[in-house]
Amino acid sequence: MKNRLEELDGLRGIFALLVVCYHFSQGPQFDPISYTSNFVFRYSYIFVDFFFVLSGFVIAYSYSNRLSNTVSFIVFIKKRFIRLYPLLFYSVIVYVPLKVYGMFTSFDFNDGVYTVYNLIFETLDSLTFMNSTPILGSNEGMNPVSWSISAEMISYIYFGLTVLWLPKRYILLIIGVVTTILFFFLVYGHLQVSGSLGFLRGILGFSIGVLVYEVYKRTTTKPDIFEVPYLIILGMLFYLIDLNITPKLILIFPIWFGLGVFIFSKSNNYVSLLLRNRAVQFLGKISYSIYLNHFLVLWVTYFLFWKVLNLEVSGPTVVISFILTIVITIVYSFFTHKFIEIKFAEWLKGKLLKERKKP
């Protein structure tokens, strides 16, 4: 399983960078002339759903047979909290100075709402994993992309309780959940939701990942020949969405990502070799940091190019800004992965998973 997971880690790293490309190309501040906008970048927000699907697959692989009682469930939730919270906490706190700055200037950062109440509210909404639900409102939180981390944590709790309460029939419930949420989004019209509806999007992708694992463990198929066709069709789907035939076509992506997770978890072809490349694996390793850090880096680059240096907006300057954004995000994420994700997590692990000494 180790090598097969490396392919999936590689995809996660590449897709994390594509989410960065999406926010850069769609932000009028970051790319004022839409120079980097293309039919892939315009819809790369959908790769967040790949993260949900992959998470469901990996968690089901690791824990579907290990959640047998309340104690094991609590340990599971503690471990997932330790994995998510250090970088979430850090990435939210570093946003606070920007919002404070916005309170005393005309700086229009993200939502343009700058009050003490909003500052406290957005921070608590993110740090309590509530910013993908309507419980504290519909705000995405202090770090706009952190809504998906809320959805991820809620998915862990949903999965753990489902397996704990229905150890023999939890798959039937998950099939029902996937069907119900897909129907909801079909009626809703599209999948691009965050804030108060983000938890549904997270549970949908996560549940599909769990179902993919159930198929994975029951088959011996090696779909090597499907790696390249899968990626070609993925690109075609992006193009079809760009034609704007129907916004509901976007609903196929979580299912298509589920198929991709199955293919790349089983196959070992040329694309797999590329995904196991050290550089791609490095991106996969720091992908969580890339995802949570990139929006802050976008604003830093914006300030540097268009405010501090006051450069003329043109194709070349936008491209240089884009490249610099990617480089800074990767370098910065290397350090946060090493010193926040790992070091902070080790400290939390010692606090939350400390074994009681036997008398």
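Note: the structure precedes this text.
A few points on the structure. Computed from a predicted model, the values in this text were never measured in an experiment.

Attention now goes to the overall build of the protein. On a plain count of helices and strands, the protein comes out with 14 helices and zero strands. If you list the helices and strands of the protein from N to C, you get α-α-α-α-α-α-α-α-α-α-α-α-α-α. For the protein, whose C-alpha radius of gyration is 21 Å, the value lies close to the compact-globule estimate of 21 Å for 359 residues. Over its C-alpha atoms, taken along the principal directions, the protein stretches across nearly 60 × 55 × 45 Å. Counting across all 359 residues of the protein, residues that qualify as buried make up 52%. Sequence separation of at least 24 residues holds for 75% of the intrachain contacts in the protein that already meet a minimum separation of 6. Split by element, the accessible area of the protein, about 17,100 Å² in all, is 67% carbon and sulfur. Taking the average place of the 30 positive charges on the side chains of the protein and the average place of its 19 negative ones, the gap between the two points comes to 14 Å.

Bringing the layout of surface pockets into the picture now. Here the largest pocket is characterised by a volume of approximately 720 Å³. Lining the largest pocket are 27 residues, and of these Arg 12, Arg 80, Arg 83, Ser 287 and Tyr 288 lie nearest its centre. Those elements giving two or more residues to the lining of the largest pocket turn out to be α1 (2-26), α2 (47-63), α3 (70-93), α6 (147-165), α12 (278-285) and α13 (287-308). Sort the elements by how many residues they give to the lining of the largest pocket and α2 lands first, with nine residues. The residue inventory of the lining of the largest pocket, partitioned by class, reads 15 nonpolar, six polar and six charged. Along the wall of the second largest pocket there are 21 residues; nearest its centre are Tyr 22, His 23, Glu 140, Pro 144 and Phe 295.

Where nonpolar side chains cluster on the molecular surface, the patch consists of Ile 33, Tyr 35, Phe 282, Val 313, Val 319, Ile 323, Val 327, Val 331, Phe 334, Phe 335 and Phe 339 and spans about 930 Å² of accessible area. Looking at the nonpolar patch element by element, the count peaks at seven residues for helix α14 (residues 315-352). Turning to its location among the elements, Phe 282 is positioned in helix α12.

Two elements in contact, α3 and α14, have axes whose closest approach is 8 Å; the angle formed by their N-to-C orientations is 135°. One finds that α3 runs oblique with respect to α14. When the axes of α3 and α14 are compared, the crossing they make is right-handed. Contact with α3, carried on its side by Lys 78, Phe 81, Ile 82, Arg 83, Pro 86, Leu 87, Phe 89 and Tyr 90, involves Tyr 332, Thr 336, Ile 340, Glu 341, Phe 344, Ala 345, Leu 348, Lys 349 and Leu 352 of α14 and no other residues of that element. Grouping the constituent residues of the contact of α3 with α14 by class yields twelve nonpolar, one polar and four charged.

An ideal rise of 1.5 Å per residue puts 32 Å on 22 residues; α13 measures up with 29 Å between its terminal C-alpha atoms. Along α13, the largest kink reaches about 45° and is centred on His 294. Extensive coverage of α13 is indicated by the burial of 17 of its 22 residues. Positioned one or two residues after α13, Asn 310 has a phi angle of 55°, which is positive.

Below, the discussion takes up unusual backbone geometry. Even without being glycine, Ser 34 reaches a positive phi, approximately 55°. By the element assignment, Ser 34 lies in the loop between α1 and α2. The backbone of Phe 129 sits at a positive phi, close to 60°, despite the residue not being glycine. You can see Phe 129 is positioned in the loop between α5 (116-127) and α6. On the accessibility criterion, Phe 129 (9% relative accessible area) is buried.

All right, on to α5 then. For α5, built from twelve residues, the straight-helix expectation of 16 Å at 1.5 Å per residue is met to within 8% by its first-to-last C-alpha distance of 17 Å. Residues of α5 that are buried: Asn 118, Leu 119, Phe 121, Glu 122, Thr 123, Asp 125, Ser 126 and Leu 127. As for α5, its buried residues are in contact with α3 and α4 (96-104). A positive backbone phi angle near 60° is found at Phe 129, which sits one or two residues after α5.

Moving on, we get to the environment of Leu 298. Within the element layout of this structure, Leu 298 appears in helix α13. The exposure class of Leu 298 is buried, given its relative accessible area of 1%. Separated by 24 residues in the primary sequence, Leu 298 and Phe 322 place their C-alpha atoms 8.9 Å from one another. Beyond its immediate sequence surroundings of up to four residues, Leu 298 is in contact with His 23, Phe 24, Phe 30 and Thr 325.

Reading the values: rules and limits
Residues numbered from 1 in each chain as written. Predicted model: local features only at pLDDT ≥ 70, side-chain atom pairs only at ≥ 80, totals over all residues. Heavy atoms only, no water. Helix = DSSP H or I, 4+ residues; strand = E, 2+ residues; numbered from the N terminus. Rg over C-alpha atoms; globule rule 2.2 N^0.38 Å. Buried < 20%, exposed > 50% of the residue type's maximum accessible area, 1.4 Å probe, protein only. Contact = heavy atoms within 4.5 Å. Areas by Shrake-Rupley, 256 points an atom, 1.4 Å probe, with all protein chains shown as cover. Lys, Arg positive; Asp, Glu negative; His and termini not counted. Charge placed at Lys NZ, Arg CZ, Asp CG, Glu CD. 1 Å grid on protein atoms, 1.4 Å probe; cavity = no way out; pocket = protein on both sides within 12 Å on 5 of 7 lines; lining within 4 Å. Points joined across faces, edges and corners; volume = space filled by probe spheres on them. Nonpolar A, V, L, I, M, F, W, Y, C, P; charged D, E, K, R; others polar. Patch = residues over 30% accessible without salt bridge, like charges linked within 9 Å, V, L, I, M, F, W, Y side chains within 5 Å. Salt bridge = Lys/Arg side-chain N within 4 Å of Asp/Glu carboxyl O. Axes fitted to C-alpha atoms, helices over the stretch in contact; angles between N-to-C directions. Parallel < 35°, antiparallel > 145°, perpendicular 65-115°, else oblique. Left-handed = near helix turned anticlockwise from the far one by under 90°. Expected span 1.5 Å × (residues − 1). Bend = angle between axes of the 7 residues up to and from the residue.

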